[in-house]
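# Structural overview
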Amino acid sequence: MKIKRHEILLFFLLLSIGCERTEDKNVRDSELRVQFGYVGRNACKDCHKLQYDLFIGSDHDDAMDVANESTVLGDFNETTYTHLGVTSRFYKKNDHFYVTTEGPDGQLHDYHVTHTLGIRPLQQYLVEFPGGRYQMLPLCWDTRPKKHGGQRWFHIYGQERIAPNDILFWTRMAQNYNYMCSECHSTHVRKNYDRFTETYFTTWSEIDVSCEACHGPGSEHVRWADAAEKGQKIDTQGYLGLVLRLKESDNATWIFRDQEKGTAERTVPLKNRNLIDMCGRCHARRTIVHEDYEHGTSLLDTHRPGLLEENLYFADGQILEEVYVYGSFLQSKMYMAGVTCKDCHEPHSGKIYLEGNALCYRCHMPAQFALRSHHFHDPEQSGGLCVECHMPERTYMVVDPRRDHSMRVPRPDLSERLETPNACIKCHASKSNQWATEFVKKWYDKLEQGEIHYGEIFYAGRRHYVEAQDDLIELANDNRAPMIRATALHLLGNYPTTGALETLRKNIQDPDPLIRAATVGSFAMVEVKERFRLIKSLLKDPVRLVRIAAAQSLVEVLSLGLSGSDEQLLQSALEEYKQSQYINADHETAHLNLGVIALHQGDYAEAESCYKKAIEIEPLFVYSYINLADLYRLQGREADAEKTLQSALTVDPDLAEIHHALGLAYVRQRQVDKALTCLKNAAELSPETARFTYVYAIGLSSNQRTDEAIQVLEKTVELHPYDRDILFSLATMNRDLNRIDTALVYAAKLVNYFPDDLSYQQLAEQLRALKDYER
């Protein structure tokens, strides 16, 4: 996996502790197997030879292994590779593999490669550091054939220079294997981070992904099989001793009921998404909320799947960053029809059952979909392949193309407005979106039956456009795919209105935990006491992620005080939330979260300690400095706040949030000129953040520079046409300068955009009265 800078905030894992440690490294695997019921793949091969052979023969493209002559695919025969001025050397010594490359001090050092990760289309390499810490080298081996551009060394960030003072440098936390990668590349992984000694004791039952990674611990099943072979009958937990039976018990199949439609339908509706959730554990953009994964339970009991969020997905749900498959598939029509992963993929090899269109034709009749009148391309060329239009590829990690599993109809007509890619222009790169749109309209007459695409709604919702609210409410309440509904509910948090709140209240008891968890976060719009009343029932939700999300949302209640059973209920869920941070105490954001809890508990000393620990772990994560400075503000320690923010500026001089916070610090110190300079910097560095421009304009107006303030706001209102604060300021500032007609224009927009807010109606009436008085 390749991490981007803007993704660092999205990657803090909410984990929980509860791991037992075994001091003898040589016996830990066998002890773990007995303790948790893991028996290893060799126990499976006698009875499940076909599946075992498929599994072993697949080579597991993401497999982890010990670095040796049989597992290392890269060229370590005294070769060198130069990347943006840094020349690295790859060599062997005493049957071990080494790389000489740039270290955290900017100098070249020799590093021992202990493990490999992956087989196709690239292989990565791990280096062990003190304390059980493993780091991913940025230098990878392209395992593709030479004729396809492979058999070469390359840098995971392509032509981007990642220097030692970059948060993405390979020895920093963002490239730590224990934290970022381990769960999905071995079986029954336990990260086992000790926050007191600050060391790892990461364990696994098998070093790569094996049978029990998907099927769960197999000891009961082996016990049942041994008894059955002897003609005995024993009581076991689960079906035949299996923790999870991945084969559906409803005997469903796919049939063509409607020949004219030409699409197969499932004979029995899919009862649950157990199999999809099991795959989603690794094939999802997700964070961990608990380390004790239980096969057959909701994925959300241990993980937090990412929604269709900005910087992860394009507005229309197409893959942008490395989000894998789960979030894409859960927005698809295929998922809603009851399709699961194993309908297309042989689960043991991971490969698709058939190549080319033959796979799709199993459910989509060739008589309907193999016609040129359907795809309008030469059937002998790539344009005639279903996946090229409906599952376009996007390349990650330089050489790894992956298909988008949202399985969508190409919409070139939306690309210009939504800033999204489309399959047409991906192939016809020299053509325009308009060119592709004209052909699509010519071929199909109309697009998606003229419906508004949810991408149009999400695009507007991300920008807080007023007209998106009703559409978001409709999406949230509709019988849509869960990922679409959950994202709509998430975006409704931008709309503090009666209609949005009613929709959130309606969905907090939805049977799908993904919907409940997404809804909780949007209640931040509600005053904290009322918020507690509305969502306190979720503090005892059956799914852990929902409980933790509710506790996180209600941390502020601590400073207000509760009594009796309410306090006990919150404290119990909050303790679970805190435990989810302790296991992840190797990452700075866990301490940031713990600091917020301490802050609301009134324990300023503990909050300060947490924020400082976050800075110690990753000095380049500047949000820790901002939180620490705000804590000093609360304590009246303005000099310390200023010093902390100045330190943050040395780390990231172009981050608008730092300039904004420093500007406010100077306001409190009555250093007007310095304050306005910093606030202006923030507004210019991040024009997409309306709040920064608004505060800068208020600063100008407060210092008798109202004309300048209006000019600033008039410029930014073009980017943020529905921002309440900006529109209100333009109305009142123009009113104060006796520009009543102009003020009325902005007041009218407020009344039109926010009809539930009586204060805007009162402002408009006041302005009309002033205008009548002047006459």
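Residues numbered from 1 in each chain as written. Predicted model: local features only at pLDDT ≥ 70, side-chain atom pairs only at ≥ 80, totals over all residues. Heavy atoms only, no water.

For the chain, the helix and strand inventory stands at 34 helices and 17 strands. Whereas a compact globule of 775 residues would reach a radius of gyration of roughly 28 Å, the chain reaches 29 Å, a difference of no more than 12%. Once the C-alpha set of the chain is aligned to its principal axes, its extents read approximately 100 × 65 × 60 Å. For the chain, the residues scored as buried account for 51% of the 775 residues in total. Counted over contacts in the chain with a minimum sequence separation of 6, partners at least 24 positions apart contribute 56%. For the chain, the computed accessible surface area is about 36,800 Å², with 50% contributed by carbon and sulfur atoms. Treating the 88 positive side-chain charges of the chain as one cloud and the 111 negative ones as another, the clouds have centres 2 Å apart. (Helix = DSSP H or I, 4+ residues; strand = E, 2+ residues; numbered from the N terminus. Rg over C-alpha atoms; globule rule 2.2 N^0.38 Å. Buried < 20%, exposed > 50% of the residue type's maximum accessible area, 1.4 Å probe, protein only. Contact = heavy atoms within 4.5 Å. Areas by Shrake-Rupley, 256 points an atom, 1.4 Å probe, with all protein chains shown as cover. Lys, Arg positive; Asp, Glu negative; His and termini not counted. Charge placed at Lys NZ, Arg CZ, Asp CG, Glu CD.)

Glancing now at the packing of helix α25 (residues 604-617) against helix α26 (residues 623-634). Look at α25 against α26: their axes get within 9 Å of each other, and the N-to-C directions meet at 160°. The pairing of α25 with α26 is recorded here as roughly antiparallel in orientation. Note that α25 runs across α26; the crossing there is left-handed. Of the residues in α26, those in contact with Tyr604, Ala607, Glu608, Tyr611, Lys612, Ala614 and Ile615 of α25 are Ser624, Tyr625, Asn627, Leu628, Leu631, Tyr632 and Leu634. Among the residues forming the contact of α25 with α26, the class breakdown is 10 nonpolar, 2 polar and 2 charged. (Axes fitted to C-alpha atoms, helices over the stretch in contact; angles between N-to-C directions. Parallel < 35°, antiparallel > 145°, perpendicular 65-115°, else oblique. Left-handed = near helix turned anticlockwise from the far one by under 90°. Nonpolar A, V, L, I, M, F, W, Y, C, P; charged D, E, K, R; others polar.)

This part takes up the nonpolar core. Counting residues in each nonpolar core, the largest one holds 159 residues, and the members touching the most others are Phe76, Phe458, Leu472 and Leu492. When residues of this core are assigned to their parent elements, the largest contribution, 7 residues, is made by helix α33 (residues 740-753). Beyond its immediate chain neighbours, meaning those up to four positions away, Phe458 contacts Leu308, Ala315, Leu472, Leu475, Ile484, Thr487, Ala488 and Leu491. Membership of the second largest hydrophobic core comes to 16 residues, among which are Leu117, Leu126, Met136 and Tyr177. (Core = buried A, V, L, I, M, F, W, Y, C linked by side-chain atoms within 4.5 Å.)

For the chain, per-residue confidence averages 91 on the pLDDT scale, and residues scoring 70 or more make up 94% of the total. Considering only residues more than four positions removed or in separate chains, one finds that residues 9-36, a stretch of pLDDT under 50, has 79 contacts. (pLDDT = per-residue confidence, 0-100.)

Moving on to helix α18 (residues 482-491). Burial analysis of α18 places 9 of its 10 residues in the buried class, which makes it a mostly covered element. The set of residues buried in α18 consists of Pro482, Met483, Ile484, Arg485, Ala486, Thr487, Ala488, Leu489 and Leu491. Those residues of α18 hidden inside the fold are in contact with α7 (326-329), α8 (333-337), α16 (454-462), α17 (468-477), α19 (498-507) and α20 (513-522).

Next up on the list: helix α27 (residues 638-651). Counting along an α-helix, one turn takes 3.6 residues, and residues three or four places apart therefore face a common direction. Between its first and last C-alpha, α27 extends 20 Å over 14 residues, near the 20 Å set by a 1.5 Å rise per residue. Buried residues of α27: Glu638, Ala641, Thr644, Leu645, Ala648 and Leu649, and no others. Each buried residue of α27 lies within a common arc of 145° when the element is viewed along its axis, so the set occupies one face. Facing away from the buried side of α27 by more than 90 degrees, the exposed set consists of Ala639, Lys643 and Thr650. The inward-facing, buried residues of α27 abut α26 and α28 (656-668). (Expected span 1.5 Å × (residues − 1). Arc of directions from axis to C-beta.)

On to the packing of aromatic side chains. One pass over the structure, following the stated rule, counts 26 aromatic pairs. Pairing Tyr111 with Phe129 gives two aromatic rings, centres 6.0 Å apart and planes at 40°, and the pair type is tilted. Here Tyr111 is found in strand β5 (residues 108-117), whereas its partner Phe129 is found in strand β6 (residues 122-129), with 18 residues between them in sequence. Here Tyr111 matches Phe129 in class, with each residue buried. An aromatic cluster is present here, built from Phe76, Phe90, Phe97, Tyr125, Trp141 and Trp153 joined pairwise through their rings. Above the plane of the ring of Tyr91 lies Arg89, whose end atom (NZ or CZ) is 3.9 Å from the centre. (Phe/Tyr/Trp six-rings, centres within 6.5 Å; stacked < 30°, edge-to-face > 60°. Lys NZ or Arg CZ within 6 Å of the ring centre and 35° of its normal.)

In the structure shown here, the tally under the stated rule is 46 salt bridges. The salt bridge partner of Lys191 is Asp586, with a shortest N-O separation of 3.0 Å. Linking Lys191 in the loop between α3 (177-180) and β10 (193-194) with Asp586 in the loop between α23 (564-582) and α24 (588-600), this pair joins segments that are 395 residues apart in sequence. Assigned by exposure class, Lys191 and Asp586 land together as buried. Residue Lys261 is joined to Glu265 by a salt bridge in which the shortest nitrogen-to-oxygen separation is 3.9 Å. Among the charged side chains, a network of salt bridges with common partners joins Asp301, Arg544, Arg547 and Glu576. (Salt bridge = Lys/Arg side-chain N within 4 Å of Asp/Glu carboxyl O.)

Okay, empty space enclosed by the protein next. A complete count under the given rule lists 4 cavities of 30 Å³ or more for this structure. Of the volumes computed, that of the largest cavity is approximately 280 Å³. Elements that contribute at least two residues to the lining of the largest cavity include exactly β3 (86-93) and β4 (96-102). Estimated volume of the second largest cavity: approximately 80 Å³. Residue classes in the lining of the second largest cavity are distributed as 7 nonpolar, 3 polar and 3 charged. (1 Å grid on protein atoms, 1.4 Å probe; cavity = no way out; pocket = protein on both sides within 12 Å on 5 of 7 lines; lining within 4 Å. Points joined across faces, edges and corners; volume = space filled by probe spheres on them.)

Tracing the backbone through its elements, the reader meets Val667 in helix α28. Spatially, the C-alpha atoms of Val667 and Met334 are 55 Å apart, while their sequence positions differ by 333 residues. Not counting chain neighbours up to four residues away, the residues in contact with Val667 comprise Ala675 and Leu679.

A word on the side chain of Arg273. Here Arg273 shows up in the loop between β13 (265-266) and α6 (274-280). A relative accessible area of 12% places Arg273 in the buried class. Within the structure, the side chain of Arg273 is placed 2.8 Å from the side chain of Asp512, a separation counted as a polar contact. Beyond its immediate sequence surroundings of up to four residues, Arg273 is in contact with Tyr326, Leu330, Tyr335, Pro482, Asp512 and Leu514. (Polar contact = N/O pair within 3.5 Å; in protein donor to acceptor, adjacent residues only side chain to side chain.)

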